[in-house]
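# Examination of the molecular architecture
One letter stands for each residue in the lines below.
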Amino acid sequence: MKSKKEFILWFIAIAILLNILAAVYMSFEHYIYFWDVSSYWERTMQFIESPDKLQVLYNSINLDEYNFFPCIPFMLTYKLFGCSYTVFIMTILNFFVLPFILLFLLLLFKIWNTNSRLRALLCMLAVISFVPMLTPMIRGYLDSAGLLFTVIALWALYRMDFSKFDGVSAGILFLSLTLMAFTRRWYSFFLLTVFFAYYPVAIIFHRKHWLKITATFFAAGAAWLVFTAAFFPQFFKMLVANDYAAAYSAYQIGNLLDNIKLFVGHIGWVYLLIALAGFILGVRDKQNRPFCIAVFVQSILIFFIFTHIQSIGIQHCYLFVPSLLFFICTFIIKVSSKAIPIATAVFLAANMTHTYIPHRKLPVSFLFTERTCAPRVRDDVEQIREMAEYINSRAADDETVYVLASSFIMNWDILRNVNMPDVRNAVRTIVFTHDVDLRDGFPDYFYDASYIVVCDPVQYHLRPETQRTIGILADAILSGEDCDNLELIKTYELDEGVTAKVYYRTGEYSAAFRQNIAEQFHDAYPDVPALHPAAE
């Protein structure tokens, strides 16, 4: 860029364009939002309604998986524009994603200092069309908030002066890593690998300053440890003591090769090749070689450590977005040919179009990001709304409702959220469904539910062997064996040929039914007491 004024004008144009595209995209959606993509939407409304916001904020950071920290900007936007899902998405874009883009571009142009207006504009195009950054945002993952703190951390690491103890950089790094981890706990993988990537690389390239480098990194790390352990002890305990590998084993799709294939599908193999080429060009620059190597090493470490715990979901790609964008833009800036950067940017824009506009599979689709993301449209919203109204009309205040389904077609959160945001709990006596065996345990209160919603075929979102709390119970009810106490009172036809059946419990479950359930769970999980329901 020739001047700061020109950069500002182009960034304003980017901001306007992304807002228009997001608003148009959301106008095509007709959907019931659930699980991760609705939980923060609901949490933002809960936070705004909280009387003692500071105390609620502190408690949620300390105790909750989905805390209120990223909800703060919504206090303004909801007051001005209401709390529709579109406003929720636009707030994520304007308060988290666009600031990330701004700081990232400033850092990028500071590192490479390109004088080519064309290449700078191509970098901007590459960033705003980067599907792994946009998809979680447009799908409603508030995890986007953490992106802002990743780029602040990168600023601190890049500006760090190794010839002295750099207290300012250490302080910025401490603050950004702390806020990053508060956003979502899995950003702690970024936090951890900062010290295992950037510190060793700094020591290798600046050996004579090893003591000052050690002091700077130690100050940042020790400050985080002391601050978190002293002021957020439960948060700290959950980070270091929880067995996340066991709790999230159902989200582990397979071995290392399976996880690599999944990751390539999320990102796109052409994206990864361009980023790899950018890394090679970057390390050829002597001045910025250490930073390029550290960024690359960190990404590799994050991948291996994270996939040891669970497989990478689309939202977890945010751990890699800064490094991938950095190397893609490095390729655009550093490659000698003028035609190749143009072709690269055109491909990235085409990939964005391929991802978000509905289409049939094309002969060239294999080149693009595997996961498409057209606006979500359900044709059964009215049926689900009718189901909620019907159950509410029958159920007394002491009669609970349990949904034995766990898919994107039907689950307890879909039924509960069908009237969001006007009504936050469409079925007033619905209870939480235990979806994932090792995470949730057996739902003892299932036997007390007066109304049970079961789908045919049985609905899963993970491997059936990890969701026996859904499958065993649903199969037993659908078979009709030993459950004469259940009366089928209503059926609803949902999308994709799924039939939702509503049962009313007229009496206690038979001893034979409960014994059968208990035996199946004991056989499947002999060493997990939390999955051993009582036989009587």
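Figured I'd write up the structure that's included with this text. (Residues numbered from 1 in each chain as written. Predicted model: local features only at pLDDT ≥ 70, side-chain atom pairs only at ≥ 80, totals over all residues. Heavy atoms only, no water.)

### Examining the overall build of the protein chain
Convention followed: Secondary structure elements are defined from DSSP: runs of H or I of at least 4 residues count as helices, runs of E of at least 2 residues count as strands, and each element is numbered from the N terminus. Between buried and exposed lies partly exposed: a residue is buried under 20% and exposed over 50% of the maximum accessible area for its type, with that area taken using a 1.4 Å probe on protein chains only. For this analysis, residues touch if any pair of their heavy atoms sits within 4.5 Å. Per-residue accessibility takes into account occlusion by the displayed protein chains alone, with areas from the Shrake-Rupley method and a 1.4 Å probe. Charge convention: Lys and Arg are scored as positive, Asp and Glu as negative, and His as well as the terminal groups of each chain are ignored. Where a charge lies is defined by one atom per residue type, namely NZ (Lys), CZ (Arg), CG (Asp) and CD (Glu).
Within the protein chain, the regular secondary structure consists of 23 helices and four strands. Reported as C-alpha extents along the three principal axes, the dimensions of the protein chain are approximately 75 × 50 × 50 Å. Scored against the burial criterion, the 536 residues of the protein chain give a buried share of 56%. At a minimum sequence separation of 6, the contacts of the protein chain that also span at least 24 residues come to 75%. Of the roughly 23100 Å² of accessible surface on the protein chain, a fraction of 63% belongs to carbon and sulfur atoms. One finds the centroid of the 41 positive side-chain charges in the protein chain at a distance of 21 Å from the centroid of its 45 negative side-chain charges.

### Section: the pairing of strand E2 (residues 451-456)
The condition that has to hold: The criterion for strand pairing is that DSSP finds at least two bridges linking the strands in question.
For E2, the tally of buried residues reaches five of six residues, placing the bulk of the element in the interior. Note that strand E1 (residues 401-404) and E2 share four bridges and pair parallel. Note on E2: the bridge partner recorded for Leu404 is Val454. When E2 meets strand E4 (residues 499-505), the two strands line up antiparallel, connected through six bridges. Across the sheet, Asp456 pairs through a bridge with Thr499, a residue of E4.

### Comments concerning the nonpolar core
Rules: Take the buried residues of types Ala, Val, Leu, Ile, Met, Phe, Trp, Tyr and Cys, join any two whose side-chain atoms come within 4.5 Å, and each joined set is a nonpolar core.
If you look at the biggest cluster of nonpolar residues, it comprises 137 residues, and the most contacted ones within it are Ile101, Phe104, Leu108, Met133, Tyr198 and Phe326. In terms of residue count, helix H5 (residues 85-112) provides more of this core than any other element does, 19 residues in total. When sequence neighbours within four positions are dropped, the list of residues in contact with Phe104 reads Val127, Val151, Pro322, Leu325, Phe326 and Cys329. Val381, Ala405, Ala426 and Val427 belong to the second largest nonpolar core, which has 31 residues in total.

### A look at the pattern of salt bridges
To be explicit about the condition: A pair is scored as a salt bridge if a Lys or Arg side-chain nitrogen falls within 4 Å of a carboxyl oxygen belonging to Asp or Glu.
What the rule picks out here adds up to 18 salt bridges. Note that Lys334 is salt-bridged to Asp285, the shortest N-O span being 3.5 Å. Within this pair, whereas Lys334 is found in helix H17 (residues 321-334), its partner Asp285 is found in the loop between helix H15 (269-283) and helix H16 (289-309), the two being separated by 49 residues in sequence. Taking relative accessible area as the criterion, Lys334 reaches 33% and is therefore assigned partly exposed. Here Lys501 and Asp456 are joined by a salt bridge, their closest N and O atoms 3.8 Å apart. Of the two residues, Lys501 sits in strand E4 while Asp456 sits in strand E2, which places them 45 residues apart along the sequence. The class for Asp456 is partly exposed, based on a relative accessible area of 35%. What emerges from the salt-bridge pattern is a single network uniting Glu65, Asp143, Arg184 and Arg185.

Take it as geometry only, folks, not as evidence of what the structure does.
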